[in-house]
Amino acid sequence: RIPPAAVIIRPATPADYPALADLWFDSWTSIGISNETDWPRETVRERLYEEVVDRWCLFAAQERDELVGMLALALAEQRVDQLFVAPSYQGKGVGLALLEFAKQELPDRIVLVTQEENVRARRFYEREGFCLHRSEYDELHRRMNCHYVWTISADP
């Protein structure tokens with residue numbers, strides 16, 4: 001585990017975007033969940049730029065001089081849009097640090113969506129106090145999505 005103090009979470013800068021897009025791509029592909037609508041690396045880089053312009057507040061998790069995680073918040077929707085950790089840093093506390101940061105930024109309520117088959121992410125969110133709100137079929141990606149809610153109180 002990386003000591004929490006060793007992970008710095010800061011606003012991402014445009015200079016970080018290519019590395020964060022690669023981290024996003026590598027982390028997603030490491031999960032082993034894919035379908036025909038998944039994008040190649042270059043498209044993920046383009047999407048990251050577009051999302052930051054359109055709706056994301058993007059944060060980088062940094063350990064020493066290396067970017068080890070990313071957190072994309074859609075503040076107006078009180079939503080964690082993306083939370084990814086570099087494959088070599090998974091299971092070392094980076095995801096927890098990012099989630100705790102998200103709770104500071106959105107202290108009353110957070111919603112997020114993850115794929116039903118992403119069991120590791122679902123266990124993580126449930127362990128950290130997120131409640132399954134509903135599951136629904138995502139027609140575009142042809143998979144089941146789990147919608148989670150976290151609130152400061154016990155009632156979502």
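So, a few notes on the structure that sits alongside this text.

What about the packing of helix H1 (residues 17–31) against helix H2 (residues 41–54)?
Stage number 1. Viewed as axis vectors pointing N to C, H1 and H2 meet at an angle of 120 degrees, and their least axial separation amounts to 9 Å. Taken as axis vectors, H1 and H2 run oblique relative to one another. Judged by the sense of rotation from one axis to the other, the crossing of H1 with H2 is right-handed. Mapping the contact onto sequence places Tyr17, Pro18, Leu20, Ala21, Asp22, Trp24, Phe25 and Asp26 in H1 and Arg41, Val44, Arg45, Arg47, Leu48, Tyr49 and Val52 in H2.
Stage number 2. Its residues placed into classes, the contact of H1 with H2 shows 10 nonpolar, no polar and 5 charged.

Examining the nonpolar core
Stage number 1. Counting 46 residues, the largest nonpolar core has Leu48, Leu58, Met70 and Leu71 as the members making the most contacts within it.
Stage number 2. In terms of residues, this core owes the most to one element, H1, which gives 7 residues.
Stage number 3. If sequence neighbours within four positions are ignored, Leu71 has contacts with Cys57, Leu58, Phe59, Val80, Gln82, Leu83, Leu98, Phe101 and Ala102.

Description of the sheet that holds strand E7 (residues 143–151)
Strand pairing in a sheet is mediated by backbone hydrogen bonds. Such pairs are either parallel or antiparallel.
Stage number 1. Strands sit in the order E1-E2-E3-E4-E5-E7-E6 across an open sheet of 7 strands; the sheet is mixed. This sheet does not close on itself; its edge strands, each paired only once, are strand E1 (7–11) and strand E6 (131–138). The average undirected angle you get between the axes of adjacent strands in this sheet is 25 degrees.
Stage number 2. One ladder, built from 5 bridges, connects E1 with strand E2 (residues 57–63); its direction is antiparallel. Paired with Pro11 across the bridge in E2 is Phe59.
Stage number 3. Relative to the sheet, H1 contacts E2, strand E3 (66–74), strand E4 (79–85), strand E5 (109–115) and E7, its axis offset from that of E3 by approximately 90 degrees.
Stage number 4. Here helix H4 (residues 119–127) sits on the sheet and contacts E4, E5 and E7; the angle it forms with E5, its principal contact strand, is near 160 degrees.

Thoughts on the pattern of salt bridges
Pairing of side chains with opposite charge becomes possible as their charged atoms draw close.
Stage number 1. According to the stated counting rule, one finds 14 salt bridges in the structure shown.
Stage number 2. Across the pair Arg134 and Glu136 runs a salt bridge, and its minimum N-O distance is 3.5 Å.
Stage number 3. Owing to a relative accessible area of 39%, Arg134 belongs among the partly exposed residues under this scheme.
Stage number 4. Exposure remark for Glu136: the relative accessible area of 35% places this residue in the partly exposed category.
Stage number 5. Overlapping salt bridges bring together Arg47, Glu51, Arg55, Glu77, Arg79 and Asp81 as one network.

What to know about the layout of surface pockets
Stage number 1. A volume near 1400 Å³ is recorded for the largest pocket.
Stage number 2. Trp28, Leu83, Phe84, Thr114 and Asn118 are, among the 48 residues lining the largest pocket, the residues nearest its centre.
Stage number 3. Among the secondary structure elements, those contributing two or more residues to the lining of the largest pocket are H1, H2, E4, helix H3 (94–105), E5, H4, E6 and E7.
Stage number 4. Partitioning the lining of the largest pocket into residue classes produces 20 nonpolar, 14 polar and 14 charged.

What counts, and at which threshold
- Residues numbered from 1 in each chain as written.
- Predicted model: local features only at pLDDT ≥ 70, side-chain atom pairs only at ≥ 80, totals over all residues.
- Heavy atoms only, no water.
- Axes fitted to C-alpha atoms, helices over the stretch in contact; angles between N-to-C directions.
- Helix = DSSP H or I, 4+ residues; strand = E, 2+ residues; numbered from the N terminus.
- Parallel < 35°, antiparallel > 145°, perpendicular 65-115°, else oblique.
- Left-handed = near helix turned anticlockwise from the far one by under 90°.
- Contact = heavy atoms within 4.5 Å.
- Nonpolar A, V, L, I, M, F, W, Y, C, P; charged D, E, K, R; others polar.
- Core = buried A, V, L, I, M, F, W, Y, C linked by side-chain atoms within 4.5 Å.
- Buried < 20%, exposed > 50% of the residue type's maximum accessible area, 1.4 Å probe, protein only.
- Pairing = 2+ DSSP bridges.
- Salt bridge = Lys/Arg side-chain N within 4 Å of Asp/Glu carboxyl O.
- 1 Å grid on protein atoms, 1.4 Å probe; cavity = no way out; pocket = protein on both sides within 12 Å on 5 of 7 lines; lining within 4 Å.
- Points joined across faces, edges and corners; volume = space filled by probe spheres on them.

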